[in-house]
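# Structural description and commentary
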Amino acid sequence: MLLFRKNRAGVLIGMLVMLGGLSPVCAEESLSDGDENVFEEIVREEIPGSESEIFTALSEADLLTGTDGSEEEITGSSESMEELPLAEASSGACGKSLKWSFSNGTLTITGTGAMYDYDWENPSPWAKDAFILKKMKTAVIESGVTSIGNCAFMDCSELEKITFPDTLTTVGERAFEYCTDLEEAVFPGCKKLGYGAFRFCEDLSAVQLPEGIAEIGEWAFEGCVNLKAITLPYGIKTIPEGTFRGCSSLSTVTMYDSVVSVGKTAFRDCKALHALKLSRNINNIGQYAFHGSGLKEIAIPTGVTLIDYGTFFDCASLAKVELPYTLREVRRGAFMDCISLKNISFTGNAAQWKAISVDRENNAYLTWAKVSYIDPPVEEIVPSVVYRLADEGSGFLRIYWRTIRGADGYQIRWSQDNTMKKGVKSASYSGCNNAVRGDLEVGGTYYAQVRVFTIEKGERVYTSWSGKKSITLTKQLASPVIRDLSLRGGKVRASWTAAEGVEGYQVRFADNAQFRSAFTASVRGGNTLSYSRSSLAAGKNWYASVRSYRVGEDGNRYYSKWSDTLQISY
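Below you will find a few notes about this structure. (Residues numbered from 1 in each chain as written. Predicted model: local features only at pLDDT ≥ 70, side-chain atom pairs only at ≥ 80, totals over all residues. Heavy atoms only, no water.)

The next subject is the overall build of the chain. The secondary structure content of the chain amounts to seven helices and 40 strands. Residue burial in the chain is summarised as follows: out of 570 residues, 46% are buried. In the chain, the share of contacts with a sequence separation of at least 24, taken over all contacts with a separation of at least 6, comes to 47%. By element, 47% of the accessible surface of the chain is carried by carbon and sulfur atoms, the whole surface being about 27,700 Å². (Helix = DSSP H or I, 4+ residues; strand = E, 2+ residues; numbered from the N terminus. Buried < 20%, exposed > 50% of the residue type's maximum accessible area, 1.4 Å probe, protein only. Contact = heavy atoms within 4.5 Å. Areas by Shrake-Rupley, 256 points an atom, 1.4 Å probe, with all protein chains shown as cover.)

Attention shifts here to the pairing of strand S31 (residues 459–462). Taken together, the four bridges between strand S30 (residues 445–456) and S31 define a ladder with antiparallel strand orientation. In the strand pairing of S31, phenylalanine 453 is matched with tyrosine 462. In this structure, the hairpin formed by S30 and S31 is closed by a connection of two residues, where lysine 457 is found at a positive phi of approximately 55°. (Pairing = 2+ DSSP bridges.)

Take unusual backbone geometry next. Within the chain, aspartate 269 stands out as a residue other than glycine whose phi angle is a positive 60°. Note on placement: aspartate 269 falls in the loop between strand S16 (261–262) and strand S17 (284–285). The class of aspartate 269 is partly exposed, set by a relative accessible area of 24%. Phi at aspartate 337 takes a positive value of approximately 65°, unusual for a residue other than glycine. By the secondary structure assignment, aspartate 337 is in the loop between strand S21 (329–330) and strand S22 (343–347).

Let's shift gears to the sheet that holds strand S37 (residues 530–533). Ordered by their spatial adjacency, three strands build an open sheet running S33-S34-S37, and the pairing between neighbours is antiparallel. Of all the strands in the sheet, the pair left with one neighbour each is strand S33 (482–488) and S37. When the angles between neighbouring strand axes are averaged without regard to direction, this sheet yields 20°. Looking at chain direction, strand S34 (residues 491–496) and S37 are connected through four bridges and run antiparallel. The partner of arginine 493 across the bridge, within S37, is serine 532. (Axes fitted to C-alpha atoms, helices over the stretch in contact; angles between N-to-C directions.)

Printed below as a string of structure tokens:
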């Protein structure tokens, strides 16, 4: 069953009725050869992403030609061709606690919480307003908004720029589908992208996925023909079906070892993708995952047992493949039409190679290639990655890194110099995946890296340094609130409220509001909330304030700001 978008294919529906029996011809159908199960798999795979192909099946002339071959005359009043008159700014609700407004080409969404979900039958208010749809160039989603609803900006083809807040956690299904002029998508804190979120955003050339994103929906970036590079942050486990299908300019994909599977057609028709380093933990690669891509060589990780239908079908530039000794089956068409495939490296022996079940008829180029047998790879200690930096206040920075199996320890380094040549400090750790540094400057921007080391013959052997992450420290350590100053038994007693995440407090007393020549005392423990001071001279006004502290790994104390001041006559 073929589904069409109402605003794009109304004419096509009528044409298909007249033509009757018209269906897309799939290259993969040639692989079925009477195998009904395979054919069903291929058809199910083809339909979700075939919409754009169906549209191109009929030319503009076809759409304007009647069943008898004669051209229809399209008429209309000249008034319909004139530009829409200017309209006043519009506004309304788009969530229980969200409002939208439009003015001077900019749509602004304010408030807190989640946006409503929309669909084809019930589009968002700005998407069904012809004036706004034509004039909207920019969208600003302000802080407080937590989600963008399903289909919220679908078909907003004039939208060029959108600002996402750090409060945003979810982008709904097809939220920006067919936003053909949208140029970039930078998410400060998003956790989930829905199905088809940026599908057919043809001008989208830059995408920055945040650390901590957990899920990318199927077909999320299908047809983004100008997308050139993408980094999949550590923590993503699956590259779902059709994620980058038809991204013909995509040349650089960075993934980490958290990825365990690549879905069907995930990189299909990625013509510029010449090289790709797969996660060493991948154990499943879906049907047609790299069909028609530009790969020149690929190494399949140890642990993969099956290369499925059409995985590398029509990869005409694929010249070299490394296959693991764990491989058990190569299905129909997996290497069909890989006309450049000449060399195969197999991490096993000849007997293991012969034991692999290979569909030879449709994988001729695989069976014709020269096979060399190499030793199975030794489990290498690979570089780690700094995946998060957290500002914990008053110059305290927590650095998180990915643990590596077999590592004896980790060395981290940090500096305010982006080149990591000046003012660099380092520290080593074992048995953990994060550390706190407390010797940094509030207001400063810091860069951090990590590398792994093993101990061999009593000496440390290091991997290369990871890439850098940066953070600007802006938070102060939480300050206590002084709540009481009283006299008890000839002593002045100060008490205060607790401050979160501190190790102790410092109290000061002085007979002047400027705290010249003040008496100070420190109390340990974040829950020690009072201190009494004796030997203060009577007959004076005494002032007191308090601040919290933490001890850095360098042994020094780092303080919050002083609290407000209380006064007592003694």
